[in-house]
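Below, each chain spelled out in residue letters.
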Amino acid sequence: MKIALPSRQNMIDGHFGHCEYFTVFTVNESKEIISQEIVDSPTGCGCKSNIAGVLANMGVTLMLAGNMGQGAVNVLHTAGIEVLRGCSGDVTTVANAWLHGPLTDSGTSCSEHEHSCQHS
């Protein structure tokens, strides 16, 4: 399984469409991160870029993100990538929080930026 996180300086970037790069973790069946890749953000990153296809072609099936508009969510879903919004903090910490305990989507679109991942 592969998980992508919009990133800036190893932290979740609160703006999917303006992130510096994407951190992509490969996870094994034991829910352990076994590798990490950096994918540069394309110009115009967001719902109007090709990033959803690029990540899907890499095998990404989950995006743990800060905030993004519904258009970006729709494009990612169409590419087969599930989205959990409302995440913040260190990318490795967020990925491990998802792997070892359920996180839920905040349901928050671009207009709000004060949420962190919701533990259920």
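A quick note: this is a predicted structure, and the numbers were derived from the prediction, not measured.

What counts, and where the lines are drawn
- Per chain, residues are indexed from 1 in the order of the written sequence.
- In view of the model being predicted, local features appear only for residues whose pLDDT reaches at least 70, and side-chain atom pairs are presented and counted only at 80 or more, with totals across whole chains, interfaces and linings using the full set of residues.
- For side-chain calculations, the full set of non-hydrogen atoms in the structure is used, while hydrogens and water are omitted.
- For the purposes of this entry, the term helix denotes a DSSP run of H or I that reaches at least four residues, the term strand denotes a run of E that reaches at least two, and both are numbered from the N terminus.
- Exposed residues in this analysis have more than 50% of their type's maximum accessible area, buried residues have under 20%, and partly exposed residues fall in between, with area computed by a 1.4 Å probe over protein chains only.
- Throughout, a residue-residue contact means that at least one pair of heavy atoms, one from each residue, lies within 4.5 Å.
- Only the protein chains shown count as cover for residues, with accessible areas throughout obtained via the Shrake-Rupley method and a probe of 1.4 Å.
- Any carboxyl oxygen of Asp or Glu within 4 Å of a side-chain nitrogen of Lys or Arg constitutes a salt bridge here.
- Taking the helix axis as origin, the arc is that swept by the directions to the C-beta atoms.
- Under this definition, polar contacts are N or O atom pairs within 3.5 Å; protein pairs additionally need one hydrogen-donor-capable and one acceptor-capable atom, and for neighbouring residues in sequence, both atoms have to be side-chain atoms.

S.K.: When you look at the overall build of the chain in this model, what are you seeing that I'm missing?
M.R.: Regarding its fold elements, the chain presents three helices and eight strands. Mapped in sequence order, the helices and strands of the chain form the string β-β-β-β-α-β-α-β-α-β-β. Relative to its 120 residues, the chain shows a buried fraction of 42%. Taking the intrachain contacts of the chain between residues at least 6 apart in sequence as the baseline, contacts between residues at least 24 apart amount to 46%. Just so you have it, the chain exposes about 5900 Å², and 49% of that area is on carbon and sulfur atoms.

S.K.: It is not clear to me how the pattern of salt bridges should be interpreted in this structure. Could you clarify?
M.R.: Opposite charge on two side chains lets them pair, provided their charged atoms get close. Across all of its chains, the model carries two salt bridges by this definition. A salt bridge links Lys2 to Glu37; the shortest N-O distance between them is 3.4 Å. Taken together, the positions of Lys2 in strand β1 (residues 2-8) and Glu37 in strand β4 (residues 33-40) put the pair 35 residues apart, joining distant regions of the chain. With a relative accessible area of 30%, Glu37 lands in the partly exposed category. Between Arg8 and Asp13 there is a salt bridge, with its nearest N and O atoms 2.8 Å apart.

S.K.: Help me understand helix α3 (residues 91-100) in this model?
M.R.: Quick reminder: α-helices carry 3.6 residues per turn. Residues three or four places apart thus point the same way. Within the sequence span of α3, burial applies to Val91, Val94, Ala95 and Leu99. With its buried residues spanning 135° around the axis, α3 presents them on a single face. More than 90 degrees from the buried face of α3, the exposed residues found are Thr93 and His100. Capping of α3 at its N-terminal end is provided by Asp90; its side-chain oxygen lies 3.1 Å from the backbone amide nitrogen of Thr92.

S.K.: Is there a simple way to think about the side chain of Asp13 in this case?
M.R.: Here Asp13 shows up in the loop between β2 (11-12) and β3 (21-27). For Asp13, the side chain forms a polar contact with the side chain of Arg8, separated by 2.8 Å. Discounting chain neighbours no more than four positions away, the residues touching Asp13 are Pro6, Ser7, Arg8, His18, Cys19, Glu20 and Gly66.

Note that every value here comes from positions in space, so none of it alone points to a role or purpose.
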